[in-house]
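Structural overview
Residue strings, one per chain:
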Amino acid sequence: MREIVLDTETTGLDPLRGDRLVEIGCIEIFNRMPTGQTFHRYINPERDMPAEAFAVHGLSSEFLATKPLFHEVVEEFLTFIGDAPLVIHNASFDIGFINAELDRVSRVPIPRERLVDTLLLARRKHPGVSNRLDDLCSRYAIDNSRRTKHGALLDAELLAEVYVDLVGARQSQLILTQESVEIRVGASTDMPRRQREVPLVPRVTDAEREAHRAFVATLGEKPIWNDFLAAT
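None of these values were measured; they are calculated from a predicted model.

The rules behind the values
Residues numbered from 1 in each chain as written. Predicted model: local features only at pLDDT ≥ 70, side-chain atom pairs only at ≥ 80, totals over all residues. Heavy atoms only, no water. Phe/Tyr/Trp six-rings, centres within 6.5 Å; stacked < 30°, edge-to-face > 60°. Helix = DSSP H or I, 4+ residues; strand = E, 2+ residues; numbered from the N terminus. Buried < 20%, exposed > 50% of the residue type's maximum accessible area, 1.4 Å probe, protein only. Lys NZ or Arg CZ within 6 Å of the ring centre and 35° of its normal. Core = buried A, V, L, I, M, F, W, Y, C linked by side-chain atoms within 4.5 Å. Contact = heavy atoms within 4.5 Å. Pairing = 2+ DSSP bridges. Axes fitted to C-alpha atoms, helices over the stretch in contact; angles between N-to-C directions.

Topic: the packing of aromatic side chains
Per the stated rule, a full pass over the model turns up 4 aromatic pairs. On the numbers, 5.7 Å between centres and 50° between planes, the contact of phenylalanine 39 with phenylalanine 77 is tilted. Within this pair, whereas phenylalanine 39 is found in strand β3 (residues 33–42), its partner phenylalanine 77 is found in helix α3 (residues 70–81), the two being separated by 38 residues in sequence. Across the pair, exposure class does not vary: phenylalanine 39 and phenylalanine 77 are buried alike. An aromatic cluster of three or more residues is present, and its members are Phe39, Phe77 and Phe80. In this arrangement the basic side chain of arginine 2 is found over the ring face of phenylalanine 80, its NZ or CZ atom lying 5.7 Å from the centre.

A word on the nonpolar core
Within the largest apolar cluster, 23 residues are counted, with the highest numbers of intra-cluster contacts made by Cys26 and Phe77. Taken together, the elements giving at least two residues each to this core come down to β1 (2–10), β2 (21–30), α3, β4 (86–88) and α4 (91–104). The greatest single-element share of this core, amounting to 6 residues, is contributed by α3. Excluding anything up to four places from it in sequence, phenylalanine 77 contacts Leu6, Ile24, Cys26, Phe39, Ile98 and Ile110.

Observations concerning the pairing of β2
Where burial is concerned, most of β2 is hidden: 9 out of the 10 residues are buried. Where β1 meets β2, 9 bridges bridge the pair, whose relative direction is antiparallel. Residue pairing across strands places threonine 8 opposite isoleucine 24, the latter belonging to β2. Bridging between β2 and β3 involves 7 bridges; their strand directions are antiparallel. Opposite phenylalanine 30, over in β3, you have methionine 33 as the bridge partner.

Thoughts on the sheet that holds β4
Ordered in space as β3-β2-β1-β4-β5, the 5 strands form an open sheet in which the pairing is mixed. Here the strands that pair on one side only, and so sit at the sheet edges, are β3 and β5 (115–117). The sheet shows a mean angle of 25° between the axes of neighbouring strands, taken without regard to direction. Relative to β5, β4 runs parallel, the two sharing 3 bridges. Paired with isoleucine 88 across the two strands is aspartate 117, which belongs to β5. In the packing of helix α5 (residues 118–125) onto the sheet, the strands contacted are β4 and β5, and the crossing angle to β5 comes to about 40°. Where helix α7 (residues 152–166) meets the sheet, it contacts β1, β2, β3, β4 and β5, and its direction lies at approximately 35° from that of β2.

Structure follows, in C-alpha cells:
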C-alpha cells in the first residue's frame, strides 16, 4: 500500500489569523518501506517571519522571498501525494494549513478521512507520557541528532521511521526476514517436496531406452563414470 509521510513548517500556529505555509516535505512509503521518492519545497509566504517561528525552523523572510508561491507548486504537490493516505504527526495542524492554502487557490481541500495521525497512534500506544517526535525517536532508538531545528523533509524522514515502529511493521519485517533466512539455510533438508497428483507422461520412449542400453553395452566393462561412482 502506498502512503505519504508529510510534514510542514509555517509562520505561526493559526492559518485563520494570517499564518502561512513556508515548507512542505513528503516521503513516499510502500508497504511501510521508504521508496526513495520525495517531495520538498520551500514556499514564499508573502508576509514577514515572526521571531518565534524563525527560532523553530530558521527560515528567514529573506531566504523565502526568492522561493515559489504556493500556487506555483500546488499542482506538483497534489500529483505527488495522489490519493494516498497521509501520515502526519498532529495531523490537524498540518492539514489546517494545507487546506487553507488550497482554499486560497480555489482547490478542493484534502478530506480528513485520508489522514493517519501518528500523534493519536502514539497516545494510544504510550498513554500518559510525552509523544513529541523527539520523544518517539528516543523511545524507538532512532537517530535524530541532525534535528537541531525543525525541517519538513527531515521531520518527515524521522516520522516515517517512527511510524513503522508505531504500527509494529518493523517487527513483522524482521520476522519475515528471519523466516526467509531459515528457509534458505534449511532448504536442502527442511523444505517439504511437493508431489504431483498426476505424474508427467514419460518423454523417453521404450525404443530410445533400448537404444541407450545397446550403446552402453558397447563401452565395455569399465566405463569412465564407474571411477566417479567409486569415489563417491
